[in-house]
Amino acid sequence: MSTQHIAVMTHEVIELLQPNAGGLYLDGTLGGGTHTRALLNASGPNGRVLSLDVDRKALAAAKEAFGPYGDRWVGLEENFRNMDVAAESIGFAPVDGILLDLGFSSDELVDASKGLSFKVDGPLDMRLGPKSNEDGMTAAEIVNSWPEDDIAKMLETFGEEPHSHRIAKHIVEARKAARIIGTLDLASVVTRAINRRPGDKIHPATRTFQALRIAVNDELQALKQAMVAAHKILKPEGRLAIISFHSLEDRIVKHAFNEGEWNVVTEKVVRPTDQEMEENPRSRSAKLRVAAKS
Ligand SMILES: C[S@@+](CC[C@H](N)C(=O)[O-])C[C@H]1O[C@@H](n2cnc3c(N)ncnc32)[C@H](O)[C@@H]1O
């Protein structure tokens, strides 16, 4: 499968999910397919894997790549928040283990048509796929129609952006002159709103883009629903592994594992090794938590 995406903590995921020959596994975030392939290989010769993704391109690429596994692999275009319904509809439940590797893939980031990057020009869309949200809302709709206070609140809640009010004000000012339609348009509005200090490590638009992506794809709500759905379809003692990339997600995972009917397997959060972080800088923010259904 030709993918630019480098999967994170594959070795740790397999060690903690402990796939067995003949088990059923659900990968809720297919992406470039590395984790799915590892699950297929570790659960051979008869284990089966159901992979979900909202991104059609990911599924199309996987259909070719996983052909050799025959009926051991099934792919569905579906939001992981509905994984219980999706798995049950094809008789793929109860399952032995589930993986969620949250966020977006490098293939999606470089796909200008998705509008996820402030480095390449594309439409301000940000939906990862048609099933990412129910109402079809795009990032362009948010920046061009939401009231200033709502934009500021969204930036604060989903981006933990300290300059939320300044950025919201500049967005509303800019859209009076012309609709903000492209990723680079928005990036330059944000850059003008924040005085970049020499030595700043991150691009000024980083938090704004993160916040919009989370809002458009309803990511935090989808994660909460996915954890409930996962519990429904896991066998007793079946494991759920979740890799998160920012504190908003990790807080939800940690809280749900501690409060719900779960036995936490990873008492301490699992982080990539120094070598992995060096080889794949994107992995630096990754956190893996695993729990078993009690
Ligand atoms: C970090 S990538 C996964 C990479 C994958 N584990 C691999 O081995 O290459 C996240 C993937 O999850 C998908 N995704 C994000 N939110 C989703 C959701 N709510 N339902 C289904 N797929 C989702 C994205 O489209 C993306 O392909």
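Residues numbered from 1 in each chain as written. Predicted model: local features only at pLDDT ≥ 70, side-chain atom pairs only at ≥ 80, totals over all residues.

A. Region of the structure containing the overall build of the protein chain. Helix and strand counts for the protein chain come out as 13 helices and seven strands. A principal-axis box enclosing the C-alpha atoms of the protein chain has dimensions of 60 × 40 × 35 Å. When the 294 residues of the protein chain are sorted by exposure, 47% land in the buried category. A sequence separation of at least 24 residues applies to 70% of the contacts in the protein chain between residues at least 6 apart. (Helix = DSSP H or I, 4+ residues; strand = E, 2+ residues; numbered from the N terminus. Buried ≥ 20, exposed ≤ 12 C-beta atoms within 10 Å, placed from the backbone. Contact = placed C-beta atoms within 7 Å.)

B. Representation of the pairing of strand β4 (residues 95-101). The buried fraction of β4 is high, at seven of seven residues. Pairing of strand β1 (residues 24-27) with β4 involves three bridges; the strand directions are parallel. Paired with Tyr25 across the strands is Gly97, a residue of β4. Summarising the sheet, β4 and strand β5 (residues 234-244) pair through six bridges and their orientation is parallel. Bridge pairing links Val95 to Leu234 in β5. (Pairing = 2+ DSSP bridges.)

C. Fine view of the site of the ligand. Around the ligand sit 24 residues, and of these Ala7, Thr29, Gly31, Gly32 and Thr34 come closest. Taken together, the elements giving at least two residues each to the shell around the ligand come down to α2 (34-42) and β2 (48-53). Grouping the amino acids of the shell around the ligand by side-chain chemistry returns eight nonpolar, eleven polar and five charged. (Near = placed C-beta within 6 Å. Nonpolar A, V, L, I, M, F, W, Y, C, P; charged D, E, K, R; others polar.)

D. The domain arrangement of the protein chain, seen in detail. Taken as a whole, the protein chain is organised into domain 1 (10-107 + 219-293) and domain 2 (134-216). For domain 1 and domain 2, the distance between their C-alpha centroids amounts to 31 Å. (Domains from an automatic or database assignment.)

E. Structural context of the sheet that holds β4. The strand order across the open sheet built from seven strands is β3-β2-β1-β4-β5-β7-β6, with neighbouring strands paired in mixed fashion. Whereas interior strands pair on both sides, the edge strands pair on one side only; in this sheet they are β3 (73-77) and β6 (262-264). Taken pair by pair, the neighbouring strands of this sheet meet at an average axis angle of 20 degrees, ignoring direction. Where helix α3 (residues 56-65) meets the sheet, it contacts β2 and β3, and its direction lies at approximately 160 degrees from that of β3. (Axes fitted to C-alpha atoms, helices over the stretch in contact; angles between N-to-C directions.)

F. Structural context of the nonpolar core. In terms of nonpolar packing, the biggest core is built from 49 residues, with Met83, Val95, Ile98, Ala226, Ala230, Leu240 and Ala241 touching the most fellow members. The biggest single contributor to this core is helix α11 (residues 219-233), with seven residues. Those residues in contact with Ala230 that sit more than four places away from it in its chain are Met83, Ile98 and Leu240. In terms of nonpolar packing, the next biggest core, distinct from the first, is built from 31 residues, Met126, Val143, Ala152 and Leu155 among them. (Core = buried A, V, L, I, M, F, W, Y, C linked by C-beta atoms within 7 Å.)

G. Structural detail: α11. Between the first and last C-alpha of α11 there are 21 Å, a value that for 15 residues agrees with the 21 Å anticipated at 1.5 Å per step. All of the buried residues in α11 are Glu219, Ala222, Leu223, Ala226, Met227, Ala229, Ala230 and Ile233. (Expected span 1.5 Å × (residues − 1).)

H. How the structure looks around the packing of α11 against helix α12 (residues 247-259). Across the interface, α11 lies against α12 with an axial gap of 10 Å and an inter-helix angle of 25 degrees. Put simply, α11 runs roughly parallel to α12. Like other packed secondary-structure pairs, α11 and α12 cross with a definite hand, here right-handed. Facing Leu220, Leu223, Lys224 and Met227 of α11, the residues of α12 in contact are Leu248, Glu249, Ile252 and Ala256. Residue classes in the contact of α11 with α12 are distributed as six nonpolar, no polar and two charged. (Parallel < 35°, antiparallel > 145°, perpendicular 65-115°, else oblique. Left-handed = near helix turned anticlockwise from the far one by under 90°.)

I. Structural detail: the environment of Thr206. Topologically, Thr206 is positioned in helix α10 (residues 206-216). Measuring from C-alpha to C-alpha, the distance between Thr206 and Phe118 comes to 7.8 Å, with 88 residues separating the pair along the chain.

J. Representation of helix α1 (residues 10-17). Residues Glu12, Val13 and Leu17 constitute the buried set of α1. Seen from one end, α1 has its buried residues packed into an arc of 120 degrees, which puts them on one side. Those residues of α1 that are buried are in contact with α2, β4, β5 and β7 (287-293). Gln18 lies just past α1 and shows a positive phi near 45 degrees. (Arc of directions from axis to C-beta.)

K. Region of the structure containing unusual backbone geometry. With an omega of 5 degrees, the peptide bond between Gly44 and Pro45 qualifies as cis. You can see Pro45 is positioned in the loop between α2 and β2. Cis geometry marks the peptide bond from Ala93 to Pro94, where omega comes out at 0 degrees. We note that Met9 has phi near 50 degrees; this positive angle belongs to a residue other than glycine.

L. Expanded view of the pairing of β5. Across the eleven residues of β5, eight count as buried, placing the element largely inside the fold. As judged from the six bridges shared by β5 and β7, these two strands associate in the antiparallel manner. For Arg239, the partnering residue across the bridge sits in β7 and is Ala292.

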